[in-house]
Amino acid sequence: MQPEMPTRPLPIARVNVGMSVADSAGEEVGTVTAVQMPGTGAEPDLDAAVAERLVAVGYLRIDGAGLFGKDVFAGGDQIAGSVEGEPATVTLNVLREDLARA
């Protein structure tokens, strides 16, 4: 028996490099610098347990906003949605503080 294929594309499939990212409170997080689909095996340079979870669900690498912004990572399961156009924006279902930090 084969697993069922999802009828809708994963939210991460609609994300592109260069899109701006906002957290669940509407605060700017930064800009998408990389998109990794689930199961690609490309691990981010993070704690092994965190990296393994992100590989399983897919992830975004986000260039942090602000003067002291550092790269953060959002799992594919943390994406609430995205809007294409100008400006193209990804909205997360978590706060910035809940994201994995590089």
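My aim in this report is to walk through the structure given alongside it, one point at a time.

Notes on the overall build of the protein chain
Along its length, the protein chain carries one helix and seven strands. Moving toward the C terminus, one meets the helices and strands of the protein chain in the order β-β-α-β-β-β-β-β. Expressed as a percentage of the 102 residues in the protein chain, the buried residues total 33%. Summarising the internal contacts of the protein chain: among those between residues at least 6 apart in sequence, 49% fall at separations of at least 24. With an accessible surface of roughly 6,400 Å², the protein chain has 52% of that area assigned to carbon and sulfur atoms.

Concerning the nonpolar core
Counting 15 residues, the largest nonpolar core has Leu60, Val90 and Leu92 as its most contacted members. Elements that contribute at least two residues to this core include exactly strand E2 (28–36), strand E3 (59–64), strand E4 (72–75) and strand E6 (89–92). Among all residues touching leucine 60, those that are not within four sequence positions of it are Ile12, Val15, Val32, Ala34, Val35, Val72, Phe73, Ala74, Ile79 and Val90. The next biggest cluster of nonpolar side chains, apart from the first, holds five residues, and it includes Leu54, Tyr59, Phe73 and Ala100.

A few points about the pairing of E3
As defined by bridge partners, E2 adjoins E3 across six bridges and the pair is classed as antiparallel. Bridging from a neighbouring strand, valine 35 pairs with leucine 60 of E3. As paired elements, E3 and E4 share four bridges and run antiparallel to each other. Note on E4: the bridge partner recorded for arginine 61 is phenylalanine 73.

Here's the deal with the sheet that holds E2
Judged by pairing direction, the sheet is mixed, and its seven strands sit side by side in the order E5-E6-E1-E2-E3-E4-E7 without closing on themselves. Every interior strand has two partners, whereas the edge strands, strand E5 (79–83) and strand E7 (100–101), have only one.

Focus on the environment of alanine 102
Here alanine 102 is to be found in the segment after E7. The spatial distance from the C-alpha of alanine 102 to the C-alpha of arginine 61 is 9.3 Å, given a sequence separation of 41 residues. With sequence-adjacent residues up to four places away left out, alanine 102 is seen in contact with Leu46, Asp71 and Phe73.

What to know about helix H1 (residues 48–57)
For H1, the full list of buried residues reads Ala51, Leu54 and Val55. Buried residues in H1, looked at end-on, bunch into an arc of 100 degrees, giving them a common side. H1 presents Ala49, Glu52 and Ala56 as exposed residues on the side facing more than 90 degrees away from its buried surface. Check the buried side of H1 and you find it contacts E3 and E4.

Section: the pairing of E5
Bridge count for E5 against E6 is four bridges, and the pairing is antiparallel. Each residue of the ladder has a partner; that of serine 82, found in E6, is valine 90.

Things to note about the pattern of salt bridges
Counted by the stated rule, this structure contains one salt bridge. Between arginine 53 and aspartate 77 there is a salt bridge whose closest N-O contact spans 3.1 Å. Of this pair, arginine 53 sits in helix H1 while aspartate 77 sits in the loop between E4 and E5, placing them 24 residues apart in sequence.

Basis of the calculations
- Residues numbered from 1 in each chain as written.
- Predicted model: local features only at pLDDT ≥ 70, side-chain atom pairs only at ≥ 80, totals over all residues.
- Heavy atoms only, no water.
- Helix = DSSP H or I, 4+ residues; strand = E, 2+ residues; numbered from the N terminus.
- Buried < 20%, exposed > 50% of the residue type's maximum accessible area, 1.4 Å probe, protein only.
- Contact = heavy atoms within 4.5 Å.
- Areas by Shrake-Rupley, 256 points an atom, 1.4 Å probe, with all protein chains shown as cover.
- Core = buried A, V, L, I, M, F, W, Y, C linked by side-chain atoms within 4.5 Å.
- Pairing = 2+ DSSP bridges.
- Arc of directions from axis to C-beta.
- Salt bridge = Lys/Arg side-chain N within 4 Å of Asp/Glu carboxyl O.

This is a description of form; function is not addressed.
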